[in-house]
Amino acid sequence: MTKRLDMDYEVIVIGAGHAGIEAALAASRMGHETLLVTMSLEDVARMPCNPAIGGLAKGQLVREIDALGGEMALAIDETGIQFRMLNKAKGPAVWSPRAQADKQAYHRRMMAALEDQEHLTLMEGEATDIAATDEAVKGVVIGDDTLIHCNKIICCLGTFPNGVMHIGEESFPGGREGQPPSCRLADRIASLGIERGRLKTGTPARLARESIDFSRCETQPGDDVPAPFSFRTRRIDRPQAPCHITYTNERTHAAIRENLDRSPLFAGRIKGIGPRYCPSIEDKVVRFADRERHQIFLEPEGLESEEIYVNGLSTSLPRDVQERMIRTIPGLEESRIVRYGYAIEYDYYPPHQILPTLESRVVRGLYFAGQVNGTSGYEEAAAQGIVAGINAALSLEGRPAFTLGRHQAYIGVLVDDLVTKEIDEPYRMFTSSAEHRLVLRQDNADERLFRYGVRYGLLPRDLWGGTIGRRKSVARARRTLEGLSLSADTLPGSADAAGKGAQRGKIGAMDLLKRPEVRLRDLEAQIPPGTLDLDDRGRGALEISAKYEGYIARQRKFIERMIDLERMRIPEDFSYDIGALSAEARIKLAKFRPVTLGQASRISGVRSSDISILMIFLGRRRQEAGERDRAASEPLNSETDAWRDRGVSRETRPLRPRHGMS
């Protein structure tokens, strides 16, 4: 018989990975009593794969999480051991911060944040059941018989739902190394009518640091001046550590090819679909048979850790094959494996079943965040976690939901992709996924999102004030430069410009700054010191606004057109049984149930002609609804007679609300 725990909670978060942490912190920081349930408090914020935060497009996500008031950026700033800004040789639209993490320090830092948080309780135990009646959640069962009541549940289960691990010919239940899977809860979620699928991911071996000959590898240092992730971090002053690079070779590939029959991937024992962008080494050897070598990164798991993560060598080959292939790699000939690589299959719940708020369409009050939605990566999980946590809190308060558009944030792109696309492989964020990436840069996430963090009480108000102040300073500096004419003769590239017939002599300062080879510091030699009054971030923003002015203007015009489609909402009960729509569009629209016409336009298989037809039918529906409203409010031919018949004079009758108001 199930027994009830005396204390009730408003929000219960299941799982204390990167999604669960951000969800629990967001809900509790908004003042709601929150319970975070995890099978092991020792594994909170664990990094079972790459010990790093950020990377291409992922770094943008982390900065946006920070701008909303999340914890990930602060945690990596305090525990990172190597910081690098990626893609600096390219334009600022694709610059992305990345940091190597000290895994144990990161875990301790996140545990401290959770333990110190008001309105948040931690519980070690296994969630085995969800109590739900009338299609709404009522509570969570812990273990066999303890029911804890709540109003909202956020499932952040990672790779634990019915997890099965594979190493060579061995297959055994597991959520990740050393931990059991979550089978009862996974099956319970499916019994609620929620469709599930199967995905696969994997991890490489870890090597003993002292057994590696780093002299035979290339050294990869971090940046000389590390750039913090968080807008709240002044500077990074932690000790930094190098990573190293080596390569596979034909001997490595031969060892793999000779044992493909022992690979669970190629033997057919793994049914789940793995990530295309991060394949196992055996998959790379088969798919790219013409490649003579593949790059391998040797990454320390901490300043004091003896384990080295072998990035690029993910595998589920048998242990003896792992040892053989690793020892063919330069620098690793005498290496000792501390932990073997493995693959893991797990359940996920295709995200066409969730709303843009991450709430289930099937069960009210049930939210999903992280790998259960078909994503991969700590950053994608954390982004979903904070969105789910905010929305669970807002729903409790009866306030409008929080959603971000594709033009507002990478988080908006992530969620929109989840609810409008077929997710049949682990989803990863890329800069190419964001069509407005020049507007959604990593350096301006605060300008885009601080207002929401402040609005929901996740950030102090003075942070938004500081951002507004910096924006005004940049605008003043721009006006100053627009009013100045400077000599171009001594600037970089002036000789080349002269050879091409470019204007010489005095030229407008802003026009000079637009030249690719000219930096702001080059102009300041001709300007009195202190004229521009900008900090380093302001200087960078001014340069970007000058050099990419035309591109940014074009993107903003495109965004304005897109917003028109996003404003056209589709009623939840709208029927897509419209003969004029293509057969594929009818199927896809009924499956994904888009919230707006903009979302509908991004569903694969929905053509532009289908969108035009939808616009017509939505217009008709609004017109019919308007006529019904008018008929209901004017039951008689004469409005005056109608109100007089109810005993109400013209002077005292209520005002009729305007369209869109209540």
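Since the model is a prediction, treat every value here as computed from it, not as a measurement.

Parameters at a glance
Residues numbered from 1 in each chain as written. Predicted model: local features only at pLDDT ≥ 70, side-chain atom pairs only at ≥ 80, totals over all residues. Heavy atoms only, no water. 1 Å grid on protein atoms, 1.4 Å probe; cavity = no way out; pocket = protein on both sides within 12 Å on 5 of 7 lines; lining within 4 Å. Points joined across faces, edges and corners; volume = space filled by probe spheres on them. Helix = DSSP H or I, 4+ residues; strand = E, 2+ residues; numbered from the N terminus. Axes fitted to C-alpha atoms, helices over the stretch in contact; angles between N-to-C directions. Parallel < 35°, antiparallel > 145°, perpendicular 65-115°, else oblique. Left-handed = near helix turned anticlockwise from the far one by under 90°. Contact = heavy atoms within 4.5 Å. Nonpolar A, V, L, I, M, F, W, Y, C, P; charged D, E, K, R; others polar. Disulfide = S-S within 2.5 Å. Salt bridge = Lys/Arg side-chain N within 4 Å of Asp/Glu carboxyl O. Buried < 20%, exposed > 50% of the residue type's maximum accessible area, 1.4 Å probe, protein only. Polar contact = N/O pair within 3.5 Å; in protein donor to acceptor, adjacent residues only side chain to side chain. Pairing = 2+ DSSP bridges.

**Student:** Residues and numbers for the layout of surface pockets, please.
**Tutor:** Size it by volume and the second largest pocket reaches roughly 1,500 Å³. Lining the second largest pocket are 44 residues, with A227, D443, D536, R537 and G540 sitting closest to its centre. Residue assignment for the lining of the second largest pocket shows that the elements contributing at least two residues are α11 (445-455), α12 (461-482) and α16 (536-547). For the lining of the second largest pocket, the element with the most residues is α16, which contributes eight residues.

**Student:** Break down the packing of helix α1 (residues 18-29) against helix α9 (residues 378-397) for me, citing the residues and quoting the values.
**Tutor:** Contact geometry of α1 with α9 gives a least axis separation of 7 Å together with a crossing angle of 25°. Accordingly, the angle class assigned to the pair α1 and α9 is roughly parallel. Here α1 runs over α9; the crossing is right-handed. Between α1 and α9, the residues in contact are H18, A19, E22, A23, A26 and A27 and Y378, A381, A382, G385, I386, G389, I390 and A393, respectively. Split into classes, the residues belonging to the contact of α1 with α9 amount to 10 nonpolar, three polar and one charged.

**Student:** Help me get a handle on the state of the cysteines, residues and values and all.
**Tutor:** Applying the stated rule across the entire model yields zero disulfides. Residue C155 stays outside any disulfide, its sulfur separated by 7.4 Å from that of C156, the closest cysteine. Free cysteine: C217, not disulfide-bonded; nearest cysteine sulfur from C243 at 12 Å.

**Student:** Give a detailed account of the pattern of salt bridges, specifying residues and quantitative values.
**Tutor:** Inspection of every chain in the model, using the stated rule, returns 48 salt bridges. Its salt-bridge partner being R262, residue E169 comes within 3.0 Å of it at the nearest N-O pair. Of this pair, E169 sits in the loop between β12 (164-167) and β13 (170-173) while R262 sits in the loop between α6 (250-257) and α7 (281-287), placing them 93 residues apart in sequence. We classify R262 as partly exposed; its relative accessible area is 23%.

**Student:** If you had to explain the packing of helix α3 (residues 72-79) against helix α4 (residues 103-116) to someone new, which residues and values would you point to?
**Tutor:** Two quantities define a packed helix pair, namely the angle between the helix axes and the distance between the axes. α4 packs onto α3 with a crossing angle of 135° between their chain directions and a minimal axis gap of 9 Å. Looking at the two axes, α3 sits oblique to α4. When you trace α3 past α4, the crossing you get is right-handed. For the pair α3 and α4, the contacting residues are M72, L74, A75, I76, E78 and T79 in the first and A105, Y106, R109 and M110 in the second.

**Student:** Explain unusual backbone geometry to me, and be specific about the residues and the numbers.
**Tutor:** Even without being glycine, A57 reaches a positive phi, approximately 70°. In this fold, A57 is placed in the loop between β4 (52-54) and α2 (58-67). Look at N87: it is not a glycine, yet its phi comes out positive at around 65°. Note that N87 resides in the loop between β5 (80-86) and β6 (96-101). A residue is classified by how much of its surface remains accessible, and N87, at 23% relative accessible area, is partly exposed.

**Student:** Summarise the side chain of T128; cite the residues concerned and give the values.
**Tutor:** By secondary structure assignment, the location of T128 is in strand β8 (residues 127-133). At 2.5 Å, the side chain of T128 forms a polar contact with the backbone oxygen of G143. Those residues within four positions of T128 in sequence are excluded, and the remaining contacts are V141, I142, G143, R184, L185 and R188.

**Student:** An account of the pairing of strand β21 (residues 342-348) is requested, with residue identities and associated values reported.
**Tutor:** Across the seven residues of β21, seven count as buried, placing the element largely inside the fold. Across the two faces of β21 the burial is the same, with Y342, I344, Y346 and Y348 and A343, E345 and D347 all buried. Here three bridges tie β12 to β21, and the two strands are oriented antiparallel to one another. Counterpart to M165 in the pairing with β21 is I344. As paired elements, strand β14 (residues 197-203) and β21 share seven bridges and run antiparallel to each other. For L199, the partnering residue across the bridge sits in β21 and is Y346.

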